[in-house]
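# Fold and contact review
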Amino acid sequence: MAQDVPIFQAMPWKSFEPWFKKEWRQGQHGAIIGPTGFGKTTVVVNLLETRTHALALDVKGGDRTLAKLQAKGFVRAPWPLPDKVYRDIRNGKPARFIVGFKPRNTLEIPKLTKMIDLCLHDVFSQEGWAVYVDELQMAASQKMMNLGAIIETNLIAGRDRGVSILTSGSSSSRPGTGKWWTAWPRWPAGHERRSRAPSGAWAARTTTWC
Ligand SMILES: Nc1ncnc2c1ncn2[C@@H]1O[C@H](COP(=O)(O)OP(=O)(O)O)[C@@H](O)[C@H]1O
Ligand SMILES: [Mg+2]
């Protein structure tokens, strides 16, 4: 049976970035989909720096591409954040952090999981953050971090609570509510100009990869 699926068009990064920045409201989510090495984290690094209150969750623990956010003013920090950060936010200052640490061995992975879990719960109650969950599959998988429920809770409650969740991964996921962007860093051959997206999706791509 034929489905009524919207057609969407690729945009060069140069025009996509300012357009996205203008369009992206707190509470709206985005997903970046593509295999490892395709530039997912790079796309988000460039999108996240446009937000005033942003958290990049270092699910992998020491992701090198994510570390590029440090050059854009993000500070690596454990969670919870110190009270000073919230005082600064109340005084109108920006707050941008990479949350997590590089585990020295596998025994430290549960500690990283706990930290990210607490952060995702706090994000729900604190409201107003733009949060990047790098490697959604790793964060959500029951075999790994098992944080799917709190991520989904933030996705569903996002619009009302002003929480924006950006995810990246090699499989797609759907939002519970709100506008939903999907970005493919590189497009399949023959789909460079026009392609079909899951219902309700917008799309973008980076030009240098194509
Ligand atoms: N548009 C691009 N042009 C050139 N190099 C890129 C681009 N996007 C990503 N890269 C490089 O490719 C490598 C993999 O990118 P990354 O964002 O970490 O991929 P992923 O998160 O999909 O695994 C990194 O070294 C990054 O600097
Ligand atoms: Mg990555």
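Residues numbered from 1 in each chain as written. Chains lettered and ligands numbered in written order. Predicted model: local features only at pLDDT ≥ 70, side-chain atom pairs only at ≥ 80, totals over all residues.

## Digging into the overall build of the protein chain
Heads up, the condition is: Helix and strand definitions here come from DSSP, where helices need a minimum of 4 consecutive H or I residues and strands a minimum of 2 consecutive E residues; each element is numbered from the N-terminal end. Put simply, a residue is buried when 20 or more other C-beta atoms lie within 10 Å of its own C-beta and exposed when 12 or fewer do; between those, it is partly exposed, and each C-beta is set from the backbone. Once C-beta atoms are placed from the backbone, any two residues with those atoms within 7 Å are in contact.
If you tally the helices and strands in the protein chain, you get six helices and 10 strands. Every one of the 210 residues in the protein chain was classed for burial, and the buried ones make up 34%. Here the contacts in the protein chain between residues at least 6 apart in sequence split such that 67% fall between residues at least 24 apart.

## Observations regarding the packing of helix α4 (residues 109-126) against helix α6 (residues 148-161)
Helix packing for two helices is described by the angle between their axes and how far apart those axes are. Convention followed: The axes are straight lines fitted to the C-alpha atoms, using for helices just the contacting stretch, and the angles between their N-to-C directions are given from 0 to 180°. Between 65 and 115 degrees an angle is taken as roughly perpendicular, under 35 as roughly parallel, over 145 as roughly antiparallel, and anywhere else as oblique. By the definition used in this description, the sense in which the near helix is turned from the far one sets the handedness, with an anticlockwise turn below a right angle giving left-handed and a clockwise turn giving right-handed. Here the nonpolar group is Ala, Val, Leu, Ile, Met, Phe, Trp, Tyr, Cys and Pro; Asp, Glu, Lys and Arg are the charged ones; every other residue, Gly included, is treated as polar.
Taken N-terminus to C-terminus, the directions of α4 and α6 make an angle of 20°; their axes are 9 Å apart at the nearest point. When the axis of α4 is compared with that of α6, the two are roughly parallel. The chirality of how α4 crosses α6 is left-handed. Contact with α4, carried on its side by Asp117, Leu120, His121, Val123 and Phe124, involves Ile150, Ile151, Thr153, Asn154, Ala157 and Arg161 of α6 and no other residues of that element. In the contact of α4 with α6, the residues fall into six nonpolar, three polar and two charged.

## Structural notes on α6
The condition that has to hold: Given a helix with a known number of residues, its expected span is that number minus one, times 1.5 Å. Given a residue, its bend is the angle between the two axes fitted to the seven residues that end at it and to the seven that start from it.
Along its 14 residues, α6 runs 18 Å from first to last C-alpha, staying within 8% of the 20 Å computed at 1.5 Å per residue. Where α6 bends most, the angle comes to about 35°, and this point is Leu155. Looking only at α6, the buried set comprises Ile151, Asn154, Leu155 and Gly158. Buried residues in α6 make contact with β2 (29-33), α4, β6 (130-133), α5 (136-140) and β7 (164-169).

## Let's talk about the nonpolar core
Which entries qualify depends on this criterion: Any set of buried Ala, Val, Leu, Ile, Met, Phe, Trp, Tyr and Cys residues joined through C-beta atoms within 7 Å is what this text calls a nonpolar core.
Of all hydrophobic cores here, the largest spans 39 residues; its most connected members are Leu48, Leu55, Ala56, Leu57, Ile116 and Val131. Discounting residues that sit within four places of it in the chain, Leu57 has contacts with Val99, Gly100, Ile116, Cys119, Val131, Tyr132, Val133 and Asp134.

## Focus on the pairing of β6
The criterion, for reference: Paired strands are those between which DSSP finds at least two bridges.
Residues Ala130 and Tyr132 of β6 are buried on one face, and the alternating residues Val131 and Val133, pointing to the opposite face, are buried as well. Summarising the sheet, strand β3 (residues 53-57) and β6 pair through four bridges and their orientation is parallel. Its bridge partner lying in β6, Ala54 is registered against Ala130. Inspection of the sheet shows β6 paired to β7 by four bridges, in the parallel sense.

## Considering the environment of Val131
Looking at the secondary structure, you find Val131 in strand β6. Judged by C-beta crowding, with 25 C-beta atoms within 10 Å, Val131 ranks as buried. C-alpha separation for the pair Val131 and Asn154, spaced 23 residues apart in sequence, amounts to 9.8 Å.

## What about the environment of Phe101?
Its location among the elements puts Phe101 in the loop between β5 (95-99) and α4. For the pair formed by Phe101 and Asp58, sequence separation is 43 residues and the distance between their alpha carbons is 7.1 Å. Contact partners of Phe101, with chain neighbours within four places excluded, come to Gly61, Pro78 and Leu112.

In short, the description is geometric, and any link to function would need to be established separately.
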